[in-house]
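Structural characterization, general
Listed below are the residues making up each chain.
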Amino acid sequence: MSVASSEDQDALGGSNSHYTSAHCSGQVDLGKTFARNCETAEKWRFAYTAGSEIPLGSTAYGGQVENWQTCLDLCSETEACQQVVFSNGHCWGMSQRSSQDQDGIGGNNTNWISAHCYGEMCPELPMGDRFVDLGPWRLAAWDDEHLSIANRVGRKAIVFRQDGAILHSRSDLLAFERSVSAPYHVLFGFQFIQIGQFRIGAVNDTCFSISHSNGNTIQAFWSGGGNFVGPLRDQGTDAWDRPQSAAEGIAFGDRFLQFGKFRLAVLDTSEESPLVLSHSAGVSNQYWRSDGTSHASSDSSQDWSSVMALPGAHWECQGLDELTFGACSNFGGFGDRFIELGKWRLAAIDETHFSISHQDGQTPQIFRADGVMISGRTDYSAWHRPKGFPSGITFGSAFIQIGNFRLGDGDGRHFTLSHKIGETVRVIQCFRSDGTLWGEQGNPWPLWDRTTGPATGVVYGDRFLQIGQWRLGALNDDTFVVEHSTGHTVQTYYSWNEMKSGGLSGYHGILYTLRYSEFHCGPIQSIFGSCVGITMGKSWIQLGDWRIGDFEGTFGIAHKDGRTVRYFASDGSAFQGPTSYFNTWALEAKDEKHSEVTLGDRFIQMGPWWRLGADDHTLSLTHAGGNTAMKWSSSGIATAGPGLAPELSLWTRGATAGGVGFGDRFMQVGKFRIGDVDGKHLAVSYEGTVAELFRNDAWIASGPRNDLTTFGRPLEECSLF
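Conventions and cut-offs
Residues numbered from 1 in each chain as written. Predicted model: local features only at pLDDT ≥ 70, side-chain atom pairs only at ≥ 80, totals over all residues. Heavy atoms only, no water. Pairing = 2+ DSSP bridges. Helix = DSSP H or I, 4+ residues; strand = E, 2+ residues; numbered from the N terminus. Axes fitted to C-alpha atoms, helices over the stretch in contact; angles between N-to-C directions. Salt bridge = Lys/Arg side-chain N within 4 Å of Asp/Glu carboxyl O. Buried < 20%, exposed > 50% of the residue type's maximum accessible area, 1.4 Å probe, protein only. Contact = heavy atoms within 4.5 Å. Phe/Tyr/Trp six-rings, centres within 6.5 Å; stacked < 30°, edge-to-face > 60°.

**Concerning the sheet that holds strand 53 (residues 628-633)**
- Overall, antiparallel pairing links the six strands, which are arranged 49-50-51-52-53-54 in an open sheet. In this open sheet, the two strands that pair with only one neighbour each are strand 49 (597-600) and strand 54 (638-640). The mean inter-strand angle of the sheet, taken between neighbouring strand axes irrespective of direction, is 10 degrees.

Below, the structure written as structure tokens:
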């Protein structure tokens, strides 16, 4: 029920046999500050246990409060409170529970209400503008060149400088004037936290370091207790070899952060407690004191082992990503060859036109396959298409492909929009990190040599996409920007059909400043619901860099390089390439209203003539006319037509889909898989035994063999269309 009542439905409150009720009060905010729940008992005065009385916040034991809800909130927010009793405006908090009524009339004790509270408080990890607080200590990037670690009582900093120097007992370069707020330039990755231009984290199981984005490791610590003071330019001692991502390999609890096997912790609850770095093997490396000095842990007689015993956050508490970045936002939308970000759409309009258009009808920019760019139009918009399945959209390493166009990060400094049809590739526009633009110039970084597959380096956030070091998104309802992580806004598009290049818009990396990539909300392909590296056309399926299916009555297996490696005729004849004929890469991947790709009982039909189907021991490619063109056996033998025994049963099976699945660049029919192994090889295999292997240069190898297979990859819960 959505409304609470203090009355008994039958006027028998406390004596209504066979009924139990509860009020869920809403005071429990799981994951934010506490993971506790309370069970309320009306007309009960839970018994007092001697010595259990405790204050609740600033409210003394038995103190006056506004109402029962306030009393209950106070207990819920006090970890030591296990029982609370309320009557006539007074609130008694207790550290021990009792199931007895103080007066022996539980359920009928008028004017009394009690509760038992359970669970524990969630640890706090305050953050703000380039800082993280760990108890009384603040880890802060003072600017791009200085990282300070300072105690708020001692107010003396240990400062790590980008050139490798370490400064001690500095009363400047403190960041305590910054207030706790939404974190700014606090990022995560595998076993590291990035604060400004500094990374703090575990390089591996035996090395922990503090390093700068310029390549300098300022200090490295080893699991055996030793440390090295920089500058050290050794990639084996910094965490810059990995991308920003969800906070993987990082745990936190009361007064500590753990990076892999290393733990950075405040020794005790005193305000001037030292900050210590320890390893799970039981060795402590270094500690920092509130006077701004650092010391080898071995120089002290202090027992540091207690920091490794500190408990982690309760499982009901928010994870580090959610605690930092909050709940997942409304990323945007998608459909047939378009991605929607706010009131803007990026879309392949047809095989040769790509546009950036606004919901109100303006199209500030059109990119044409021949390299021509057209601005200020009201046509070539994708807003007539409904939201739905993201047909014709695939991903890869730092790129998104929409129809025949790819948008991607070329090398961290150049972002390109390029087109490919057949073997012809053209870069239409190149956006540069220095804020300038290139038109078509010698096809730099065309992206088409990269394999379609997992969306590596492609993440998302509130109305934006991040592709490598670049962000594209809706700044507001009327403004769309392309910007680089260095802060340059390279291009700005406006809803009134205007564009501005470079810094002329006045925006300077504002998407990076105001919004975070939502790594913790799952990979982008889980949002899209599509299968990794798979898309389709009218009568064919794309698996990574390979397409298989019907081309005007002939079944072809073709690579994106433009070669058809093998093709099959309606009479069951099989032919080996290379040839440029029967190649579906000349066609655009998109939603087809009258699709000729269907799934059935252990078969996939592509076009009106061809079915690829399996029984327990054989995968067959069969034509509707009765001719079988190819058979692959479970023992790893591939046999080509013509003259094969017909598999007429494939064409009598029901159309109810079953025994057909998909995963990362493969499809599975029965126990057989057809999939892109590495961008160059396509394998047909049975439970790991390869029956036939196709290479992009038209080389074909027969089985049985057990290398170059896709059987290590899991099936996914995803959709083909």
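From this point on, the discussion continues.
**Considering the pattern of salt bridges**
- A full pass over the atoms with the stated rule returns 28 salt bridges.
- Measuring nitrogen to oxygen at the nearest pair gives 3.0 Å for the salt bridge that ties R161 to D163.
- The exposure class of D163 is partly exposed, given its relative accessible area of 32%.
- Here the residues in one salt-bridge network are D133, R138 and R152, joined through shared partners.

**Things to note about the sheet that holds strand 57 (residues 672-676)**
- Taken in spatial order, the six strands make up an open sheet running 55-56-57-58-59-60, and their pairing is antiparallel. Of all strands in the sheet, those with a lone pairing partner are strand 55 (660-663) and strand 60 (700-705), marking the two edges. Strand-to-strand, the axes of this sheet are offset by a mean angle of 15 degrees, without reference to chain direction.

**A few points about the environment of G502**
- Inspection of the secondary structure puts G502 in the loop between strand 42 (498-501) and helix 3 (510-514).
- The exposure class of G502 is buried, given its relative accessible area of 11%.
- For G502, the residues in contact, after removing those within four places along its chain, are G435, T489 and V490.

**Some points on the packing of aromatic side chains**
- Taken as a whole and judged by the stated rule, the model has 28 aromatic pairs.
- Ring geometry for F221 against W288: centres 6.1 Å apart, planes inclined by 80 degrees, an arrangement best described as edge-to-face. Of this pair, F221 sits in strand 17 (residues 217-222) while W288 sits in strand 23 (residues 284-288), and the two are 67 residues apart along the sequence.
- Using a relative accessible area of 0% as the deciding quantity, one classes F221 as buried.
- Summarising the aromatic geometry, the rings of F331 and Y460 are spaced 5.3 Å apart at their centres and angled 65 degrees between planes, so their arrangement reads as edge-to-face. On the criterion of sequence distance, the pair formed by F331 in the loop between helix 2 (320-325) and strand 25 (333-335) and Y460 in strand 37 (residues 458-461) is long-range, its members being 129 residues apart. For the pair formed by F331 and Y460, the shared burial category is buried.

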